[in-house]
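Reading the structure
So you can see what is in the structure, the chains are spelled out below.
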Amino acid sequence: MNIDKPLKIMIVDDEKGITRCFKEYFSRKGFVVFEVNDGKSAIEIFEKERPRICFIDVWMASGTHEGVDILKRIKEIEESVYCIMMGPCSDEENTAMRLKELGALHFINGRLDMEDFDRYIKEIENLIVSRS
Amino acid sequence: MPSIRDLFHSLGNKHNILTIGCGATKEVVSECLKERGLSKELKDKLIEIQGNLESIIKETFEADKITIEIHDRIYKIIDPDTGKLRGV
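Please read all numbers here as calculations on a predicted model, not as lab measurements. (Residues numbered from 1 in each chain as written. Chains lettered and ligands numbered in written order. Predicted model: local features only at pLDDT ≥ 70, side-chain atom pairs only at ≥ 80, totals over all residues.)

1. Brief notes about unusual backbone geometry
Basically, it comes down to this: Labels follow the DSSP assignment, with helices taken as runs of H or I lasting at least four residues and strands as runs of E lasting at least two, numbered in each case from the N terminus.
Phi at Arg50(A) takes a positive value of approximately 45 degrees, unusual for a residue other than glycine. Along the chain, Arg50(A) turns up in the loop between helix H2 (39-49) and strand S3 (53-57).

Spelled out as structure tokens, the structure:
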């Protein structure tokens, strides 16, 4: 197994309650978690800490797709980062397709659930092992 | 005054806090249940808390389905940014 331990995860969401709960949960499981609530900080933290996994809210600010800009930028910085995009969207198929074209691994449409996060992180850990 | 889009965005975030917060708390309760020497009474209470948290998660998902339904109906007739009726 070749996973840098502890695995670094960044969560980007404009709602602090979400990032705080996420950090508490995954810190308890032994991950190093960076919680970020705006796009500028997301890029700064990413450049400095290079997390392997990023969960990014698509709709970061009112009616904007700031999360998409964050995805594009961090994929430019580090192509191998695993990004999972989050956010409700009525046009799920096209949004998921577009985000995958930009390098996202998955798109979580609808409500967030810890079991989903657990499942995606497990999947990424397996990918890291299989690609090492 | 926040726009209709802002209000739905905020409501969605609140739903997420509920599901994620309950999920995180469930995990803590689960860890507590692994402790040795817990009385049966305490164990039963912790299991009850887990069940209640699970119910909140489930109900929040249901509330979200209703929110999406309301969202779609409203967006059809009102511009969520201006609050004005479409086509008027």
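2. Quick look at the interface of chain B and chain A
For clarity, the threshold we go by: C-beta atoms are first placed from the backbone for all residues, and any pair lying within 7 Å is then listed as a contact. Three categories are distinguished: nonpolar for Ala, Val, Leu, Ile, Met, Phe, Trp, Tyr, Cys and Pro, charged for Asp, Glu, Lys and Arg, and polar for the others, with Gly belonging to the last.
Facing the 19 residues of chain B at the interface are 19 residues of chain A. Of all the secondary structure elements, the ones that give two or more residues to the side of chain B that touches chain A are helix H1 (4-33) and helix H2 (40-77) of chain B. If one sorts the elements of the side of chain B that touches chain A by residue count, H1(B) sits on top with 14 residues. Split into classes, the residues belonging to the side of chain B that touches chain A amount to four nonpolar, nine polar and six charged.

3. With respect to helix H5 (residues 114-131) of chain A
Formally: The span expected for a helix works out to 1.5 Å for each residue beyond the first.
For H5(A), built from 18 residues, the straight-helix expectation of 26 Å at 1.5 Å per residue is met to within 8% by its first-to-last C-alpha distance of 26 Å. For H5(A), the elements touching its buried residues are helix H1 (16-28) and S3 of chain A together with H1 of chain B.

4. What to know about the nonpolar core
Soluble globular proteins tend to pack their nonpolar side chains together in the buried interior. To be explicit about the condition: Note on terminology: a nonpolar core is a set of buried residues of type Ala, Val, Leu, Ile, Met, Phe, Trp, Tyr or Cys, with members joined through C-beta atoms within 7 Å. Partly exposed residues are those whose C-beta has more than 12 but fewer than 20 other C-beta atoms within 10 Å; with 20 or more the residue is buried, with 12 or fewer it is exposed, and the C-beta atoms are placed from the backbone.
With 38 residues, the main nonpolar core has Val12(A), Ile56(A) and Met85(A) as its most contacted residues. For Met85(A), the contacting residues outside a window of four places in its chain are Ile56(A), Val58(A), Gly67(A), Leu71(A), Leu99(A), Ala104(A) and Phe107(A).

5. Some thoughts on the packing of H1(A) against H1(B)
Defined as follows: Structural elements are reduced to axes, namely lines fitted to C-alpha atoms, with helices fitted over the stretch in contact, and the angle between N-to-C directions of any two is expressed from 0 to 180 degrees. Roughly parallel refers to an angle under 35 degrees, roughly antiparallel to one over 145, roughly perpendicular to one between 65 and 115, and oblique to any angle outside these ranges. For a crossing to be left-handed, the near helix must be turned anticlockwise from the far one by less than a right angle; the clockwise case is right-handed.
Taken N-terminus to C-terminus, the directions of H1(A) and H1(B) make an angle of 20 degrees; their axes are 9 Å apart at the nearest point. When the axes of H1(A) and H1(B) are compared, the pair comes out roughly parallel. Pair H1(A) / H1(B) crosses with left-handed handedness. Note on element contacts: H1(B) touches H1(A) through Asn13(B), Asn16(B), Ile17(B), Ile20(B), Gly21(B), Gly23(B), Ala24(B) and Glu27(B), opposite Gly17(A), Ile18(A), Cys21(A), Phe22(A), Glu24(A), Tyr25(A) and Arg28(A). Residues belonging to the contact of H1(A) with H1(B) are distributed by class as follows: seven nonpolar, five polar and three charged.

6. Re the sheet that holds strand S4 (residues 82-86) of chain A
Sheet strands pair via backbone hydrogen bonds, and the direction of the pair is either parallel or antiparallel. All names here are of chain A. Quick note on the threshold: Two strands are counted as paired when DSSP detects at least two bridges linking them.
The five strands lie next to each other as S2-S1-S3-S4-S5, forming an open sheet whose pairing is parallel. Of all strands in the sheet, those with a lone pairing partner are strand S2 (32-36) and strand S5 (106-108), marking the two edges. Across the sheet, the mean angle separating the axes of adjacent strands is 20 degrees when strand polarity is ignored. Bridge count between S3 and S4: five bridges; the pairing is parallel. Bridge pairing in S4 places Cys54 opposite Cys83. Packing of H1 onto the sheet brings it into contact with strand S1 (8-12) and S2, and relative to S2 it is tilted by some 175 degrees.

7. Describing the environment of Met114(A)
Note on placement: Met114(A) falls in helix H5. Taking the C-alpha atoms as reference, Met114(A) lies 26 Å from Arg73(A); in sequence the two are 41 residues apart. Each residue touching Met114(A), except ones within four places of it in the same chain, is listed here: Tyr25(A), Ile20(B), Gly23(B) and Ala24(B).

8. Some remarks on the packing of H1(B) against H2(B)
All names here are of chain B. With their axes 9 Å apart at the nearest point, H1 and H2 run at an angle of 165 degrees to one another. Classified by the angle between their axes, H1 and H2 sit roughly antiparallel to one another. Pair H1 / H2 crosses with left-handed handedness. Looking at side-chain class alone, the contact of H1 with H2 contains 15 nonpolar, nine polar and four charged residues.

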